Each structure stands twice: as structure tokens, then as C-alpha cells.
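Residue-level listing of the chains:
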Amino acid sequence: METVTNNREQLIPLLQQVQRREGYVSHEAATRIADQLKIAESEVFGVASFYAQFKFYPPGKNAVRVCLGTACHVRGGQVLLSALERDLGIGPGQTTKDRQFDLDRVACLGCCALAPVVTVNDEILGQVNPNKLSAAIRRAGKSKAPARGDERESDPAEDGKE
Amino acid sequence: MNSAELAEFRQSFSGKKAQASKRWDDLNTGSTPVVYVGAGSCGRAAGAMDVIASVEKTTERIKVKARVLQVGCIGPCYLEPLMDIRKPGLPRLSYANVTAKKAAEIVEALLGRGEMLKPVGHFGEQAFDGIERFFDLPMMKPQVRVVLRNCGIIDPEDMDHYLARDGYEGFLKAVAMQPDQLIQEVEASGIRGRGGAGFPTGRKWRTCYEQKAEQKYMICNADEGDPGAFMNRSLLEGDPHAVLEGMMIAAHAIGASRGYIYCRSEYPLAIKRLNQAIADARSLGLFRCFPNFEFEVKIKEGAGAFVCGEETALIASIEGKRGSPRPRPPYPAVEGLYGKPTVINNVETLGTLPNILRNGASWYAGHGAEKSKGTKTFSLVGKVKRTGLIEVPLGTTLRKVIFDIGGGPINDAKPFKAVQTGGPSGGCLPEAYLDKPIDYENLAAAGSIMGSGGLIVMDQETCVVDIAAYFLDFTQKESCGKCTPCRVGTRVMVDILERIKKGDADEDDLDKLERLGETMSKGSLCALGKSAPNPVKTTIRYFRDEYLEHIRDRRCRSGVCKEFITFTINAQCTGCAVCLRACPSNAITGLKKEQHVIDTAKCIKCGVCRSVCQFDAVEVKSP
């Protein structure tokens, strides 16, 4: 079975291997794959750019993905995405300047009953609200984003607990 | 394989099964207590792994020997994490919404002190100590579990559990039949494809069977991409052997010696368990167990393209190409993977097959409605009390599913508005359709589709224009771009819908949307484009007044479309300052323990205050 009739079939698995190992498909990696399969580099990029899984730039240290599946949408996934955009100062598909965080939207993680869902690296956070999410982000990576309200004079966090 | 080898295989299989049954019985009736934790992706997201760690720590601390098993998802996601304990002498007891701390308490009480904390249900046959049977819970009782029969019951990584529950018996029955006879059996069962379109499975097989070719392929479509649907993930994670067995049955019917499972890469646990199942089935010799049967199967991971759920796009993707669909005919059953006859069946269709073979076609046809036989799984999510994975006979009404099983809208004060069936390819059905039986024909007549089984419940706080825009935004992003009606049509639809949401549209735009929808349905190359307008068409058909409100009155009665709403804080505010702290635009002011105020000039209508408020004090108003 491994000696497949058509080694073109190996293109996507090879790209996936690279993506997993290096976090993105570099120009060098694409060239290597093209040589290995004896196909044009443009073919490799043509296929890679079709699929959402493949990135062409090095990723940030922590991956934050907001699920915007239907269940998450009706339960406020967009609110979470906006909160993250403000917190991290980037839009979906971008990486923070300090390369600490990637922000992405995903169509559905299949945990719809726990909507809204956000993943921070491998951790799946179910039924999150913006406050819970901020805390998770801070936990994940010494976030440079100020904890919400920190810039204010009094600390209402303490008041909130009363 | 000759007849002597065949006899030898049969003997070794029954030996293995006897061994498996012994282990299974020991698990269920033996003297060692067993702790079962629902640890599918959803259970893990809810904290199942912490529960397992806590159980293991506790049993060690109280010095009690217990087995801890990871099982798949049994369905009621709203109760997760779910932990069951079987202590000798007692039925299997089920505990819901278990945290690490709660798990430790339960285990210590039951296995340490012999004291039973009240469970949510039990798995015994008889009434027990005032506790309800798990399968008599309101969410479970109306269900008929055929394809989900093992989910949450067995350890999906332990093949013995599957064998003990008559696993591969269906396949052994099938492989002893002539392909033609096997196809007849499946035709007689009336099963139709569970991936969405509902094409009769037997007829698809027959077309492929009749092709003469040296090589044929059997493909399992596990590219479950509909946002809001997770039936296939749960089945693959909870009972992977059932899907594999189904593939082997189909492969025998059509004469395929090679199979592929095309699974989304977003489902790593499903992939891991499938790999395990394949390795176990191979080592048991099942792939080469009969004369004329030889099978090998490989998993292909998707790379994040919704359109690859379409069969011709899926084939292109397996071949290492861009996942663009091509015109049909020729259908894959005639010209599929590498130009060879290929059958592509959905995960649920395949998972059902072993049951049909084991119990017979007429048993299966005894479930369901006249033209839609059997049972169907649905993921019941959105604004409903009891969310989760369910299985009901086709022909059940939407009302029964949403209100009896799902418990109705999540908030009694905010009534049911609509339900989306069939994901982005489906339609949004209003209250008037709740009493229609769910079957392929009724859903199509209503402008929707069965789809793979996502049911998203919406209440009065869901705006239908926003939902239509949401789905179109999704299909627009996922459109492969090959054909114009889909590529341009989805883009234009999104633009018009966005204008309606902003109050920049006029009534002609509704006609434009409807005309465009017709063009896309007729002219698109594949089902993605053909069905993409369904959410728009159905919402206009059933909720035209809401569209008109947006256009004429600049009003969104659901309080979703930002241009038309204002946020205010009412007297229920306790002055806890949680919203004040969370507001990203510093628009909220107020003294401690006094009602806060939102400065509408500063408010960016992000809704964060509302989602963090514990007291329902933040209100959204539209004129």
C-alpha cells in the first residue's frame, strides 16, 4: 500500500508533515517537496495555498483559535473574537509583533454543545466569556496585553468579589 | 485463501471472540470496580482528563483497586464531563457535570466509605433506589440508539469490547454472501446516504458493482465540515470499529480491495482511534479472512477545506490536488479515484451497516418513515437546554426533538424562533414546521435539507438576517472559486446582506437576493454552490417581515445588528463593576454598589458587558 500508484498522492501528507514540524511551509521546504515528487514548485504552492491548514509564515509561540461555527456564532463567538482582537491588537490570521500569539478563526471544532469555544494551543476552553478568556491568554504566555481595566486607578477586580 | 485456511480463520475468530466476551463480562460483573469517563473531544473540552487524573489519585490515596476506562461520548453533552462508576453489587451509576473535586468526593464516598452520592441515572434494567435509569432521562428516552449503540459504553481503543458486542458479525455475514445478494439486502433496508443528499446506498453500490474494472475503491467520507455538526466525530471517537466494519461490508459489495478514510485534520482523536482500529482489525486477520476478500485501508487527513466534503473534490484531494469539484456525470461510482469506480459513503451510513447486516434488512426498515427508513443522528445545539448528540427514528417531529429531547429554548423567557437543519446548505425553519416529521422529502419541501444532521436551535435573540449573513460568509470563504455562480454569487449575497444589516439596503435587494439564489441553485457546479442560497431563501421565505424591519424601520428586533441597537444597564445592576472592568472602550461608569451607566457615545456595541454580567442587567434595545 505504501508504494502508492501515484506519488503525487504524497503531496498533501508531505506538506502536513512540514507544517507540523516547522509550523509553516517555508519556500525551502516547498522546493524540497517539489524535487522529491518531481513536480513544479508552482504545483506545490498551488495545492498548499488552496488548503487553510497551510501557513507560509513562521507562527507565533501560542496559537489562539476562536471557533465561529454556527453554535458558537449564536452563542457569542464573535464577541470573543472582537475581545481578542482588542486584547492582542491583531486580526485573525495575524501574529502579534512580539511573536507571542497567533490569532485565527476556525469554522467548527465540533464541541458545539460547549459553545462558545476557544482553543489556546491544545487546550479547549468551553463556555468562555471574555473575562475567562483574558485570564487564559495571560496564563498562556505572559501576554503583553494589559489585563483589562489595569490602567484604571482603582482596581475594580477586588470590588467585583464582594 | 483455501477452505482449510478459512476454517482455521473461523476457529481463531470464535476463539478470540470468546476471549473478548470473557474480558467484557469480567469488566461488567467482575469484582473490580470500574470508573468510566466520557473522554471524547467534547468531554475533554469539558474537563474529562482532569477528572481521570483525580480519580486515579483518589483510588491510590484510599488504596482501592479500580479500573479507569475512557469511553466515547454517550450523547448528553450538557451533562459533561460524565463519569460512571460500577461497583460490584450495584448497577453502573452515572454522575454528571463532574469536576476533579467532585470526582474525588464521589469515588471516595462510593469506593471508600461505601456511601452513594446521588447520581443522575443508572444503567441497570430494573428500578433502583429511587434513581432514574439513565436511558429513561428525558433527553434519552425518546431516542433509538442503533448506530450509537456502543458510544459511551465501550472503550473504543479496546477491540475486545467491540467483539464482545457482536462486532464484525455483520461483516462475516456479509462476506459469506454474494455481492449481488448483499446489495439486495442493503437495498431492502431502505437506507439512504447519511451525508446529506439521501441517495439510496444500495443503488450507489449497484452502479459501482456493475462496472468492470481491475481496481475499485471504497472511500469513507469523514470530512465533517458543517459548522455546528459533530455526529461523525462522536461516532469515530466512540466506536471506530463500526465504521471500519461498514467499510469492509461496502468493499465486499462493490469489489474494492482498497479503501481510504478521508478525515478532517481537526479531529486528531478520531484519527488516532481509527488508526488503532485498523491495526487491530488487520492483526486479527480480518482484511484477508475470506476467499475473494482482500482489503487494505489508509487514512487521509483533510487539510482544512469545507468543499472537500463534496465527493469529486474529496477525490481530487486524495489524489494530491486542489480540492475543486468537477461536473458529474460521470459519477464516482463509474469514474472515481484515479478514474476507477469508487463508492464514497458517509461515516454514519457505514456505521449503520453492521447493524443492518446483523439484524436484517426488515428489522432496519421497521424503523423510520415511509421513504426515509431507519434512524438518524443529530447534533442538537444552539439555544436549547439539553445539548448533545442524539439518535432518533426518521419521521420524528422537530418538536419532539427540540422540546422533548432538547428541553426547549435555553431561556424560558426567550421563546423558540427557528431551527437550522443541514448546516450552511440547509434552511432555517420557523415554528410552523415543528410538527412536520423529519424526513428527506419534508425538509426539501420546506426549502431545507436533511444534511449531515446539524440542528441549530435559535431563539428570539437570534437575528435571521445575521444568521443568513453568517452562513453566506462561511460559504463565500469556503467556495473553491472554480465556477462563477458560486464564486461571485456568494460574494454578492454577502455584500447585500451586510448592507441590510447596516440599514443601507432597499426592498429591491430582497428580490435581487431571491433571483440570485435561483441562479446559484441552477448554475453552480457542485452542491456547495447549489445549496449555498438555502439559508437566505428560507429566511426570506419565513421571516420576510424581519428583513423589512431592517430595511424600512432600521430595527433589529433580536438586538443583534449593531447599527440598530443601544446597550443600557437596568436596575438589576448590583454595581459589581465586572462590566466596567471588562469594557474595552471605557464606556461604563458607576460607583461601587450603585447602578452603572453606559455612555452610548463611547460604546462600541461589542457586547462584552452583557456576556460577563451575572445579573442580566445589561439590556439591548432596538427602536
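Reading guide: rules and limits
Residues numbered from 1 in each chain as written. Chains lettered and ligands numbered in written order. Predicted model: local features only at pLDDT ≥ 70, side-chain atom pairs only at ≥ 80, totals over all residues. Helix = DSSP H or I, 4+ residues; strand = E, 2+ residues; numbered from the N terminus. Rg over C-alpha atoms; globule rule 2.2 N^0.38 Å. Buried ≥ 20, exposed ≤ 12 C-beta atoms within 10 Å, placed from the backbone. Contact = placed C-beta atoms within 7 Å. Core = buried A, V, L, I, M, F, W, Y, C linked by C-beta atoms within 7 Å. Domains from an automatic or database assignment. Nonpolar A, V, L, I, M, F, W, Y, C, P; charged D, E, K, R; others polar. Pairing = 2+ DSSP bridges. Axes fitted to C-alpha atoms, helices over the stretch in contact; angles between N-to-C directions. Parallel < 35°, antiparallel > 145°, perpendicular 65-115°, else oblique. Left-handed = near helix turned anticlockwise from the far one by under 90°.

Undergrad: How should the overall build of chain B be read in this particular structure?
TA: If you tally the helices and strands in chain B, you get 23 helices and 18 strands. On C-alpha atoms alone, chain B measures out to a radius of gyration of 26 Å, which is about the 25 Å that the 2.2 N^0.38 rule sets for 623 residues. The principal-axis extent of the C-alpha atoms belonging to chain B is close to 85 × 70 × 40 Å. Counting all 623 residues of chain B, 57% fall into the buried class. Within chain B, contacts between residues at least 6 apart in sequence are counted, and of these 73% link residues at least 24 apart.

Undergrad: What's the story with the nonpolar core in this structure? I'm lost.
TA: Burial of nonpolar side chains together is a common tendency in soluble globular proteins. Counting 239 residues, the largest nonpolar core has Val117(A), Met247(B), Ala250(B), Ile254(B), Cys579(B) and Cys609(B) as the members making the most contacts within it. If you tally residues by element for this core, the top one is helix α10 (residues 240–254) of chain B, at 10 residues. Ignoring anything within four residues of it in the chain, the contact list for Cys579(B) reads Ile588(B), His596(B), Cys609(B), Val612(B), Cys613(B) and Val618(B).

Undergrad: Can you help me understand the domain arrangement of chain A in this one?
TA: By convention, interface size is frequently given as the accessible area that disappears when the constituent parts associate. Segmenting chain A into domains produces domain 1 (7–48) and domain 2 (62–140). One C-alpha centre belongs to domain 1 of chain A, the other to domain 2 of chain A, and the line joining them spans 29 Å.

Undergrad: Please explain the interface of chain B and chain A as it appears in this structure.
TA: Tallying the contact residues gives 55 residues for chain B and 47 residues for chain A. If you list the elements that add at least two residues to the side of chain B that touches chain A, you get α2 (41–45), β8 (296–301), α12 (311–318), β10 (375–382), β14 (454–459), α17 (464–478), α22 (578–582) and α23 (608–612) of chain B. Partitioned by chemical class, the residues of the side of chain B that touches chain A number 27 nonpolar, 16 polar and 12 charged.

Undergrad: Please explain the sheet that holds strand β1 (residues 34–38) of chain B as it appears in this structure.
TA: Strand pairing in a sheet relies on backbone hydrogen bonds, with the paired strands running either antiparallel or parallel. Residue and element names in this part refer to chain B. Overall, mixed pairing links the 5 strands, which are arranged β2-β1-β3-β4-β5 in an open sheet. Two strands lie at the open edges of the sheet, namely β2 (67–71) and β5 (121–122), each paired on one side alone. This element, helix α3 (residues 48–61), spans β1, β2 and β3 (83–86) of the sheet and lies at about 165° to β1.

Undergrad: Quick question: what am I supposed to make of the packing of helix α5 (residues 77–88) of chain A against helix α6 (residues 130–141) of chain A here?
TA: Packed helix pairs are characterised by how far apart their axes lie and by the angle those axes make with each other. All names here are of chain A. Two numbers describe how α5 lies on α6: the axes approach to 10 Å, and their chain directions differ by 45°. By the criterion of interaxial angle, the relationship of α5 to α6 is oblique. The hand of the α5/α6 crossing is right-handed. Between α5 and α6, the residues in contact are Val79, Leu80, Ala83, Leu84 and Asp87 and Pro130, Leu133, Ser134 and Ile137, respectively. When grouped by side-chain class, the residues that make up the contact of α5 with α6 number 7 nonpolar, 1 polar and 1 charged.

Undergrad: Got a minute to help me understand the domain arrangement of chain B in this structure?
TA: Residue and element names in this part refer to chain B. By domain assignment, chain B separates into domain 1 (31–124), domain 2 (159–362), domain 3 (375–459), domain 4 (464–553) and domain 5 (565–621). Placing a centre on the C-alpha atoms of domain 1 and another on those of domain 2 gives a separation of 34 Å. Looking at the side of domain 1 that touches domain 2, its residues break down into 1 nonpolar, 3 polar and no charged.

Undergrad: When you look at the sheet that holds strand β11 (residues 388–393) of chain B in this model, what are you seeing that I'm missing?
TA: Residues and elements named next belong to chain B. Sheet architecture is open: 5 strands sit in the order β11-β10-β14-β12-β13, paired in mixed fashion. The sheet terminates laterally at β11 and β13 (427–430), the two strands that pair on one side only. On average, each strand axis in the sheet is inclined to that of its neighbour by 30°, with strand direction left out of account. Two strands pair when backbone bridges link them, and strand β12 (residues 416–421) and β13 are joined in this way by 4 bridges, in the antiparallel orientation. Across the sheet, the residue bridging to Val419 is Leu429, located in β13.

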